[in-house]
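Structural overview
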Amino acid sequence: MNIKKGLLISCLILAAIIVKAQTRLYHEPYRLQAHFSPQAKWINDPNGLVYYKGTYHLFFQHYPKTTVWGPMHWGHAVSKDMIHWKQMPIALYPDKLGYIFSGSVVVDEKNTSGFGTKNKPAMVAIFTHHDPKGEKAGAINYQNESLAYSLDEGKTWAKYKSNPVLRNPGIKDFRDPKVFWYGPGKKWIMSLATKDRITFYSSANLKSWTKESEFGQALGAHGGVWECPDLIPLKVDGKEYWVLLVSINPGGTNGGSATQYFVGQFNGSKFTPVNNKTKWIDFGPDNYAGVTWSNTGNRKIFLGWMGNWLYANEVPTGKWRNAMTIPRELSLKFVDNDIYLASNPIKELKNIAAKTFKINAEQVANNNNLFAVIKQNLTQYKLKFKTDKLNSYAVVLANESGEKLILGFDKKNYRYYINRTKAGRDDFSKLFTGVAYAPRIDINPQSDLELIVDASSIELFADGGLSNLTSVFFPKKPYTQLSITANGMEIKNLEVTSLKSIW
Ligand code: FRU
């Protein structure tokens, strides 16, 4: 063989190795194909969600060294549609003030902070500095709020030299600042999780903060510490309300981590709920620490971490661990003289819709594998149907190993459920919960269901997003069978849409 030929063959082998390595990344077992997950290693909460100059930014709690929680960094990813993501270099590294815990990013259009100019406003990150040394030494004030800013649209970040900007007043859990510009008062408002309540602060320049009020010590669920608040305005029937999201861990509705919300009024200083009911944005075990994108106008889009602190450090995903939910558009709905938050998959999901298969009521009733009917073996898809008269039903996803994920509606107990007790691996943690329930909030006989199924996650949106459940699962083999039993209830307009991989 001459040298030229040898070189050519070596190049071809090298190219083949590179291509193989690339196809493996993002296509490992359990790797989600329609959701953001990190290229490698650990993630938890979404942070700094902000839309700026045509790009959606997602920062996230990240430990780039191992697949378990550790010294927190802010990872970074960008997207044009909140569906396709490109992971960027790490945005914020731990420093001498501590780990970089959760927080938010705002675009300082009026240059109130002086970090940018009026023509070139800064993106400002407001986050918690968590000092592990202080924590270890038994101090109380080891969480403080700090700033970082970017003058190149989020590519690189500088920490503010006078950090922290909001010092801990002696509250052990003092974290997760979410900041927005309150137009009528011409000031920034920060919602901060302060142990068993949310404390609101205001500022003219993001650097000096004044306490305004506290909310929630005697309201809502209190089975654990309050975390990751977000206060957003939403209109319904022409009237504006404010919604306060509050994550809680433990003490979630189905065990461990979950996110509750309150609907009320905000006057620039104080939040007053319309009533004392505890409501949940998602009843499933795997939607936590969710907040909304800032700078998206009236549109409010929520993203949650698809995990639960009970077992997130143990899920068997290999070289990456944990992911985000599908982004969800929020709206308010009146039901029976009360007001609720509905959340539904964002319309941009259509960007990865491949093919829609329609299945009629008769086919649903007479087939025990609907994938055989449409001649597909789908592992990531959207499923929708409607019914005029809701009765108990069950949707079953199954595989050749006899594993099953069952979800549906139980009329007797008037609740939706996802049962993952036989859905696959659960040997990695004793705390991996089995069945999750969501009470039905809607009172109409008509009902609709939308599911987003991915390699190891399912998101259930019932009654226009009023009763939701998000759950992860780990089958030995992909589910290639789908069936629905409906006790005579007519399933109308059943559609299964295959979803393309975002990677
Ligand atoms: C929520 C949370 C936050 C904290 C972060 C640490 O999941 O506990 O309160 O800032 O995670 O990673």
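Bear in mind the structure is a predicted one, so any value in this text is a computation, not a measurement.

Rules used in this analysis
- Residues numbered from 1 in each chain as written.
- Predicted model: local features only at pLDDT ≥ 70, side-chain atom pairs only at ≥ 80, totals over all residues.
- Heavy atoms only, no water.
- Helix = DSSP H or I, 4+ residues; strand = E, 2+ residues; numbered from the N terminus.
- Buried < 20%, exposed > 50% of the residue type's maximum accessible area, 1.4 Å probe, protein only.
- Polar contact = N/O pair within 3.5 Å; in protein donor to acceptor, adjacent residues only side chain to side chain.
- Contact = heavy atoms within 4.5 Å.
- Pairing = 2+ DSSP bridges.
- Axes fitted to C-alpha atoms, helices over the stretch in contact; angles between N-to-C directions.
- Core = buried A, V, L, I, M, F, W, Y, C linked by side-chain atoms within 4.5 Å.
- Domains from an automatic or database assignment.
- Near = heavy atom within 4 Å.
- Areas by Shrake-Rupley, 256 points an atom, 1.4 Å probe, with all protein chains shown as cover.
- Buried area = accessible area lost by both parts, 1.4 Å probe.
- Phe/Tyr/Trp six-rings, centres within 6.5 Å; stacked < 30°, edge-to-face > 60°.
- Lys NZ or Arg CZ within 6 Å of the ring centre and 35° of its normal.

Structurally, Asp338 is set in strand S22 (residues 338-345). Among the residues examined, Asp338 registers a relative accessible area of 9% and is labelled buried. At 2.9 Å, the side chain of Asp338 and the side chain of Asn275 are in polar contact. When near neighbours in sequence (up to four residues on either side) are disregarded, Asp338 contacts Asn275, Lys277, Lys279 and Lys333.

Sheet architecture is open: four strands sit in the order S9-S10-S11-S12, paired in antiparallel fashion. The open sheet has two edge strands, strand S9 (174-182) and strand S12 (210-215), and neither has a second partner. Going across the sheet, the axis of each strand differs from the next one's by a mean of 25 degrees, ignoring polarity. In this sheet, S12 lies alongside strand S11 (residues 197-203) in antiparallel orientation, the contact comprising five bridges. Directly across from Thr199, in S12, lies its bridge partner Glu214.

Core analysis: the biggest nonpolar cluster contains 78 residues, and Phe385, Tyr393 and Val395 have the highest contact counts within it. Broken down by element, this core gets its largest block of residues, seven residues, from strand S14 (residues 239-249). Residue-level mapping places this core at the junction of two domains, with at least three residues from each of domain 2 (31-313 + 320-345) and domain 3 (351-499). Once you skip the residues sitting within four places of it in the chain, Phe385 turns out to touch Tyr393, Val395, Ser447, Asp448, Leu449, Ile484, Met489, Ile491, Lys492, Asn493 and Leu494. Membership of the second largest hydrophobic core comes to 34 residues, among which are Tyr56, Tyr99, Phe101 and Ala289.

Inspection of the region around the ligand gives Asn44, Asp45, Gln61, Trp69, Met72, Phe101, Ser102, Arg175, Asp176, Glu227, Tyr288 and Trp309 as its neighbouring residues. Contact between the ligand and Asp45: an oxygen atom at 2.7 Å from a side-chain N or O atom of the residue. Contact distances for the ligand include 3.1 Å between an oxygen atom and a backbone N or O atom of Ser102. Protein contact buries 95% of the 320 Å² of open area that the ligand shows by itself.

With that settled, consider the domain arrangement of the protein. Each domain of the protein was delimited in the assignment, giving domain 1 (1-30), domain 2 (31-313 + 320-345) and domain 3 (351-499). If you average the C-alpha positions of domain 1 and of domain 2, the two centres end up 42 Å apart. With six residues of domain 1 at the interface, the matching set in domain 2 holds eight residues. Summing both sides of the interface, domain 1 and domain 2 together bury roughly 560 Å²; the carbon and sulfur share of this comes to 42%. Taken as a group, Tyr26, Glu28 and Tyr30 account for 77% of the area that domain 1 buries against domain 2, more than any other trio of residues on that side.

Given two aromatic rings, one states the distance between the centres and the angle between the planes to describe the pair. What the rule picks out here adds up to 38 aromatic pairs. Ring plane angle 85 degrees and centroid distance 4.9 Å describe the contact between Phe215 and Phe271, whose orientation is recorded as edge-to-face. Note that Phe215 is positioned in strand S12 and Phe271 in strand S16 (residues 271-273), a separation of 56 residues in sequence. For the pair Phe215 and Phe271, a shared accessibility class is recorded, and that class is buried. Ring-pair connections join several aromatic residues into one group, and the members of that group are Tyr26, Phe36, Tyr51, Tyr56, Phe60, Trp85, Trp293 and Trp503. Of note, Lys207 hangs over the ring of Phe115, and the distance from its end group to the ring centre comes to 4.6 Å. One residue, Arg415, lies across the ring of Tyr437, its end atom 3.6 Å from the ring centre.

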